[in-house]
Amino acid sequence: MISAILCSCTQLDSTIVTKSVSSNQKTLPPPIAPQRTTPTKTSTATATIPQEPTPSQTNTITPSLTITPSNTPIVPKALPEQLPLPHTNIASPETHLFFNRPILDGNNYPVSHYRYGMTWDGLLAPHLGVDMANNQGTNVVAIGNGSIFYSGNDHIQKFGYRNDFYGNIIILKLDQQWNGRTLYALYAHLDNLLVEKDQQILTGQIIGTVGKSGAALAPHLHLEIRIDDPFDYMKTRNPELWYSPISGTGLVAGQIIDKNGMFIPGHKINILCADKGIRWVETYWNEWTKPDDLISENFVFSDIPATQCTIESTLEGQTISKRIDINSKEITFIIIQHESP
Ligand SMILES: [Zn+2]
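Residues numbered from 1 in each chain as written. Predicted model: local features only at pLDDT ≥ 70, side-chain atom pairs only at ≥ 80, totals over all residues.

Enquirer: Can you lay out the overall build of the protein chain for me, pointing to particular residues and giving the numbers?
Expert: The secondary structure content of the protein chain amounts to zero helices and 18 strands. Taking all 341 residues of the protein chain together, 46% fall into the buried category. For the protein chain, the proportion of contacts with a sequence separation of at least 24, taken over those separated by at least 6, is 70%. (Helix = DSSP H or I, 4+ residues; strand = E, 2+ residues; numbered from the N terminus. Buried ≥ 20, exposed ≤ 12 C-beta atoms within 10 Å, placed from the backbone. Contact = placed C-beta atoms within 7 Å.)

Enquirer: With reference to specific residues and values, describe the confidence of the model for the protein chain.
Expert: When pLDDT is averaged along the protein chain, the result is 82; 78% of the residues meet or exceed 70. Residue range residues 1-69 is modelled with pLDDT below 50. Its contacts to residues more than four positions away, or to other chains, number 134 contacts. (pLDDT = per-residue confidence, 0-100.)

Enquirer: Mind laying out unusual backbone geometry, listing which residues take part and the relevant values?
Expert: The phi torsion at leucine 97 lies on the positive side, around 65°, for a residue other than glycine. With respect to the secondary-structure elements, leucine 97 resides in the loop between strand 2 (65-67) and strand 3 (130-133). Phi is positive for tryptophan 120, which is not a glycine, with a value near 50°. Residue position: tryptophan 120 is located in the loop between strand 2 and strand 3.

Enquirer: Let's hear about the environment of tyrosine 243: which residues, and what values?
Expert: When you line up the elements, tyrosine 243 lands in the loop between strand 11 (236-237) and strand 12 (249-257). Along the chain, tyrosine 243 and serine 302 lie 59 residues apart, while their C-alpha atoms are 9.5 Å from each other. The residues contacting tyrosine 243, other than those within four sequence positions of it, are Phe99, Asn100, Arg101 and Ile143.

Enquirer: Outline the pairing of strand 5 (residues 146-153), supporting the account with residue identities and numerical values.
Expert: In this structure, strand 5 lies alongside strand 6 (residues 168-174), joined through seven bridges in antiparallel fashion. Directly across from glycine 146, in strand 6, lies its bridge partner leucine 174. Examined bridge by bridge, strand 5 and strand 8 (residues 200-201) share two bridges and lie antiparallel to one another. Bridging from a neighbouring strand, serine 147 pairs with glutamine 200 of strand 8. (Pairing = 2+ DSSP bridges.)

Enquirer: Can you explain the sheet that holds strand 18 (residues 331-337)? Please cite residues and give values.
Expert: With mixed pairing, the three strands of this open sheet are ordered in space as 15-12-18. The outermost strands of the open sheet, each flanked by one partner alone, are strand 15 (299-305) and strand 18. For this sheet, the mean angle separating the axes of adjacent strands, direction not counted, is 25°. Relative to strand 15, strand 12 runs antiparallel, the two being bridged by five bridges. Along strand 15, the bridge assignment pairs threonine 249 with proline 305. (Axes fitted to C-alpha atoms, helices over the stretch in contact; angles between N-to-C directions.)

In structure tokens, the structure reads:
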């Protein structure tokens, strides 16, 4: 049982909000340490974390937090022109979903308010991974075969916005490449590190335990997928495209675009399925979180029951609904184009 899920990833100082965010990563505003002892959110209820995920529970892990309304987001939302242009030639999305889930005997669902590219209602920096809330000491396992690229603290070696951010981390270099490119799984905020650099690892092997080291405010696993360069925090991709959906479910990945065909950032969309589960995501907030190189999405829903569902997107009073068929262990792709800018 975890009473509050307050994610790690950084809260930026309000003084940097007025700076513009450019597409050049060198101009990104410098993050400031999160406030470990005085978070801006207060917990008023407890969130029950399912120990055995089932399709019907997917995305219903919404922590009941009272959030102080913030009129000014921590990081400005990107303008559509700052985002990469969506690809239109969607190729072989089934080449994803390679890997296993990272938690053994615990919660393998991401925190719904802070999925990849989301900002927890503007309170946190765009999220470079997913957070899985679990009790301290829960076993963390390798999502694939590989070798340990790094096992240690980030006091000295920087992997994120700053040192002492991810705390105790393990970076697993995965044997499975993707189009000739190397993939890395980064596990952050760990308690115990049970592996050493260069150690060969098998899928499912226990490599560490959940903790709250670094900038974490409560025990959880922060999981990232990085491509090409394990040191570069601007080389992440959405982990939900890379680990397998649970049994009987599939994924939806897609593009929410404006009348000019540009990505719409920070835009909430819902998916309605027969089980009436509450599922929503927001499109990627800015250019820090990259679309997949083939799928070119700006949102992902994972662990969706393999049935017919409806995606809903509302912009400036215009609601677009599209029915889609979800297939088990597959990615369904959808494009919704609004007529508004
Ligand atoms: Zn996180």
